[in-house]
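Each chain is listed here by its residues.
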Amino acid sequence: MRAARQIIDRITAGLNVIGTLLIVAIMVLINADVIGRGFFNLPISGVPEMVSMSIVAIVFLQVAQAFRMGRLTRTEALLNILEKRSAKARALVELIFSVGALVLMWQLLTASWPLFVKSWVRNTFEGTIGDFTAPIWPVKLIILIGCTALMVQLLMLAISSISVLTGRTLPPGDEK
Amino acid sequence: MSGFEIGLLSLGVMVVLVYAGFWVPFALMLTSFAGVWLIKGSPILAGKLLALAASETISSYFFGVVPLFVLMGYIVSVTGMGRDAFDVANQIFRRMRGGLGIGTVGANAIFAAITGISIASAAVFTRIAVPEMVRHGYTKRFSVGVVAGSSVLGMLIPPSLLLILYGLLTEQSVGDLFIAGILPGLLLALVFGLGVVTMATIWPRFVGEKISGPQLVEDHLSLSELAAKGLPIAGLILLVLGGIYGGWFTPIEAGAVGCLGAIVIGLGKQRLKWSDFWQVLNDTGLVTASICFLIIAAQMYSRMLALSGVPAGFGSFVATADIGFWGVIFAYVLLVILMGTILDSSSIMLILVPLMLPVISSMQVDLIWFGIVTVLAVEIGLLTPPFGISVFVIKSSLDDPSITLGDIFAGAAPFALMMLIVLIAVLAFPALATALL
């Protein structure tokens, strides 16, 4: 179990690094466009398309890591009060929440799958022919990967909540 | 159940879920999924709505620069430009009563002109200004309060991520919105400054009984030191704002240019370490992912609401309720402030602005002015319990466990009140927002 967790966390962190590199790429790209256009009259074609596709990729590459680090917005005021009364009660609520979120992400994943298939089969692209075109399918694939990675993180939260509930581990103090 | 009832019910369910501690994006997703299922009677259709929103919502050039604005804020903070702004502001205000407090406000106003997010200002000045103020006899409560209060300037003085988001939602010019934010931003800084002096004089128990007078502020900057600290910041402000209004790049591209400018200055001053840079990049990614994931979920929610007919029904309710123009505006501001107690700024705007837009545009309201009103009202929410992002950021940046969340909320309360005064001023005198246009 611990080994599995380590591998999963490493993959999640790996996706995060790719997303981070994409952010740097966007920055370089926009600056190159601004400088090229302003000083050398040489705009780069397709920058808006590349940026708008990259941001989707960035978000889905990093959302699992954001979840793991506890960055997804939530109000823990009431949960913390509950935890002071009973750690198990909190674990139960966390379990319900994570299962609920899992079901939702499953819906999102299954509904996103046809979008990927369509973009792959028809080889749809972004941009205008003759100027700049880029295939859409990689982004749609990243959405699927990101949803899966987030589901795995949710699953791990559910498992650790169960082990708190069954009393096999102490309430997590070192992890979020 | 009619669509309208389902829509209203979903609002109630969402609020309960958020209070119970469900992740906000999942709460939005769940209510939109269930809502569409109930309205259309098909879970497949509901799933499709989620998937389309996920792949389409943020796929635009505008959202592409969200990480760059965040990154720029972080880079200027790790390169020590926040510290420089603080030193310069203190040099100017050191002879006044409560000088360090005013210095913090001033430094935030300067810093706001190079960053577009409040959390960057809150994190930076917690580390710089709070220890300095506590050392000079200010109470901890006031010290964190003034940092929390003045951090909101980051979103009002251009560039501002919230104004960009508003511009997107309402199809208004982001450049115009930025100009409209200048006067209210400066007015807010002025009111904060006056508030600090007044409180230091008449309420020393809150500010600090034995705050050091002007003679005790020992560090005195020479003219060349002042220039060394002030010029890079001035240069960056000039680059970002000058570039936008000189037509070299769009407000959206300004995030990327500002980032590069901050990196160049950081490297030039030999203050940007590789490890810091990587850390900051990673943080940027996490903030971006959580903001954008939230935006996606909020978009699902507003699509569900549109299906339910709540915005249209709400509009006709307002029109027939005959509460008039001011009735609508006050109800809206009140709703925004109330939602600000539990939600973060971008969620509130994403939920409420599309809801109000049809109502407001039918009343011939100036949408630029309305944007400034919205941002001001939304920003009050940064300071109000139980959910105040600025306050949370300050708590997590503090090294001092003796300062509780409650202390920070209490310290920020007078500043939230001052924001309310400025909001009323902008409501009463729309020229504050539109005069420079």
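Rules and cut-offs
Residues numbered from 1 in each chain as written. Chains lettered and ligands numbered in written order. Predicted model: local features only at pLDDT ≥ 70, side-chain atom pairs only at ≥ 80, totals over all residues. Heavy atoms only, no water. Helix = DSSP H or I, 4+ residues; strand = E, 2+ residues; numbered from the N terminus. Rg over C-alpha atoms; globule rule 2.2 N^0.38 Å. Buried < 20%, exposed > 50% of the residue type's maximum accessible area, 1.4 Å probe, protein only. Contact = heavy atoms within 4.5 Å. Areas by Shrake-Rupley, 256 points an atom, 1.4 Å probe, with all protein chains shown as cover. Lys, Arg positive; Asp, Glu negative; His and termini not counted. Charge placed at Lys NZ, Arg CZ, Asp CG, Glu CD. Core = buried A, V, L, I, M, F, W, Y, C linked by side-chain atoms within 4.5 Å. Phe/Tyr/Trp six-rings, centres within 6.5 Å; stacked < 30°, edge-to-face > 60°. Buried area = accessible area lost by both parts, 1.4 Å probe. Salt bridge = Lys/Arg side-chain N within 4 Å of Asp/Glu carboxyl O. Polar contact = N/O pair within 3.5 Å; in protein donor to acceptor, adjacent residues only side chain to side chain. Nonpolar A, V, L, I, M, F, W, Y, C, P; charged D, E, K, R; others polar. Pairing = 2+ DSSP bridges. Expected span 1.5 Å × (residues − 1). Bend = angle between axes of the 7 residues up to and from the residue.

**Student:** Is there a simple way to explain the overall build of chain B in this structure?
**Tutor:** When its secondary structure is counted, chain B shows 23 helices and zero strands. In terms of overall size, chain B behaves like a compact globule, its C-alpha atoms giving a radius of gyration of 22 Å where 437 residues would be expected to give roughly 22 Å. In terms of principal-axis extent, the alpha carbons of chain B reach across some 70 × 45 × 45 Å. Within chain B, the fraction of its 437 residues that count as buried is 61%. Across chain B, the fraction of contacts at a sequence separation of at least 24, relative to all contacts at a separation of at least 6, is 78%. As displayed, chain B has an accessible area near 15700 Å², and 69% of this comes from carbon and sulfur atoms. Counting 18 positive and 21 negative side-chain charges, chain B places the centres of these two groups 8 Å from one another.

**Student:** Sorry, what's going on with the nonpolar core here?
**Tutor:** Across soluble globular proteins, nonpolar side chains have a tendency to be buried as a group. Residues Ile 30 and Met 105 of chain A together with Phe 26, Met 29, Phe 142 and Phe 370 of chain B are the most contacted members of the largest nonpolar core, which totals 205 residues. With 15 residues, helix H16 (residues 274-308) of chain B is the largest single contributor of residues to this core. Not counting residues up to four positions away in its chain, the partners in contact with Phe 26 of chain B are Leu 72, Ala 101, Leu 104, Met 105, Leu 150 and Leu 154 of chain A together with Phe 293 of chain B.

**Student:** Got a minute to help me understand the packing of aromatic side chains in this structure?
**Tutor:** The description of two aromatic rings rests on the distance between their centres and on the angle between their planes. Within the structure shown, the criterion is met by 25 aromatic pairs over all chains. Where Phe 97 of chain A meets Phe 22 of chain B, the ring centres are 4.7 Å apart and the plane angle is 40°; that geometry is what we call tilted. Note that Phe 97 of chain A is positioned in helix H4 (residues 87-121) and Phe 22 of chain B in the loop between helix H1 (3-20) and helix H2 (24-40), a pairing that runs across two chains. Just as Phe 97 of chain A is buried, Phe 22 of chain B falls in that class too. Ring geometry for Tyr 138 of chain B versus Phe 142 of chain B: centroids 5.8 Å apart, planes at 15°, classification stacked. The pair Tyr 138 of chain B / Phe 142 of chain B is uniform in exposure class, with both members buried. Through a chain of ring-to-ring contacts, three or more aromatic side chains come together here, namely Phe 67 and Phe 97 of chain A together with Phe 22, Trp 23, Phe 26 and Phe 293 of chain B.

**Student:** Quick question: what am I supposed to make of the interface of chain B and chain A here?
**Tutor:** Reports often express the size of an interface as the amount of accessible area lost when the parts come together. Facing the 56 residues of chain B at the interface are 52 residues of chain A. For the chain B and chain A pair, buried surface summed over both sides reaches about 4700 Å², with 78% attributable to carbon and sulfur atoms. The largest per-residue losses of area from chain B upon contact with chain A belong to Trp 23, Tyr 61 and Leu 286 of chain B, which jointly make up 16% of the total buried on that side. The tally of links from chain B across to chain A stands at one salt bridge. Close ionic contact of Glu 253 of chain B with Arg 37 of chain A constitutes a salt bridge, the shortest N to O distance being 3.0 Å. On the surface where chain B and chain A come into contact, there are five residue pairs in polar contact (both at pLDDT 80 or more). Among the secondary structure elements, those contributing two or more residues to the side of chain B that touches chain A are H1, H2, helix H3 (43-56), helix H4 (61-64), helix H5 (66-78), helix H15 (251-268) and H16 of chain B. Within the side of chain B that touches chain A, the residues separate by chemical class into 41 nonpolar, eleven polar and four charged.

**Student:** Explain the pairing of strand E2 (residues 132-135) of chain A to me, please; I cannot follow it from the model alone.
**Tutor:** Consecutive side chains along a regular strand alternate between the two faces of the sheet. Residue and element names in this part refer to chain A. Alternating positions in E2 separate cleanly, Phe 132 and Ala 134 being buried on one face and Thr 133 and Pro 135 remaining unburied on the opposite face. By the bridge criterion, four bridges tie strand E1 (residues 125-128) to E2 in an arrangement that is antiparallel. Each residue of the ladder has a partner; that of Phe 125, found in E2, is Pro 135. Taking the residues that link successive antiparallel strands as the turn, the E1-E2 hairpin has three residues, and the phi of Gly 130 there is positive, at about 95°.

**Student:** I keep staring at helix H8 (residues 118-135) of chain B and nothing clicks. Help me out?
**Tutor:** Residues spaced three or four apart along an α-helix point in a common direction, a consequence of the helix completing one turn every 3.6 residues. Residue and element names in this part refer to chain B. With 18 residues, H8 ought to run about 26 Å at 1.5 Å a step, and its terminal C-alpha atoms sit 25 Å apart, in line with that. A maximum bend of about 40° is found in H8 at Thr 126. The buried count for H8 comes to 13 of 18 residues, which makes it a mostly enclosed element. Residue Gly 137 follows H8 closely and has a positive phi angle near 90°.

**Student:** Can you help me understand the environment of Gly 36 of chain A in this one?
**Tutor:** All names here are of chain A. Counting through the fold element by element, Gly 36 comes out in helix H1 (residues 2-40). It is 38 Å that separates the C-alpha atoms of Gly 36 and Phe 67, two residues lying 31 residues apart in sequence. When neighbours within four sequence positions are excluded, Gly 36 is seen to be in contact with Asn 41, Leu 42 and Pro 43.

**Student:** Any chance you could explain the environment of Ser 390 of chain B here in plain terms?
**Tutor:** All names here are of chain B. One can find Ser 390 in helix H21 (residues 389-397). Residue classification places Ser 390 among the buried residues on the basis of a relative accessible area of 0%. For the pair Ser 390 and Pro 43, spaced 347 residues apart in sequence, the C-alpha separation works out to 38 Å. If we skip the residues at most four places from it in the chain, Ser 390 touches Ser 118, Ala 122, Ser 151, Leu 382 and Leu 383.

In short, the description is geometric, and any link to function would need to be established separately.
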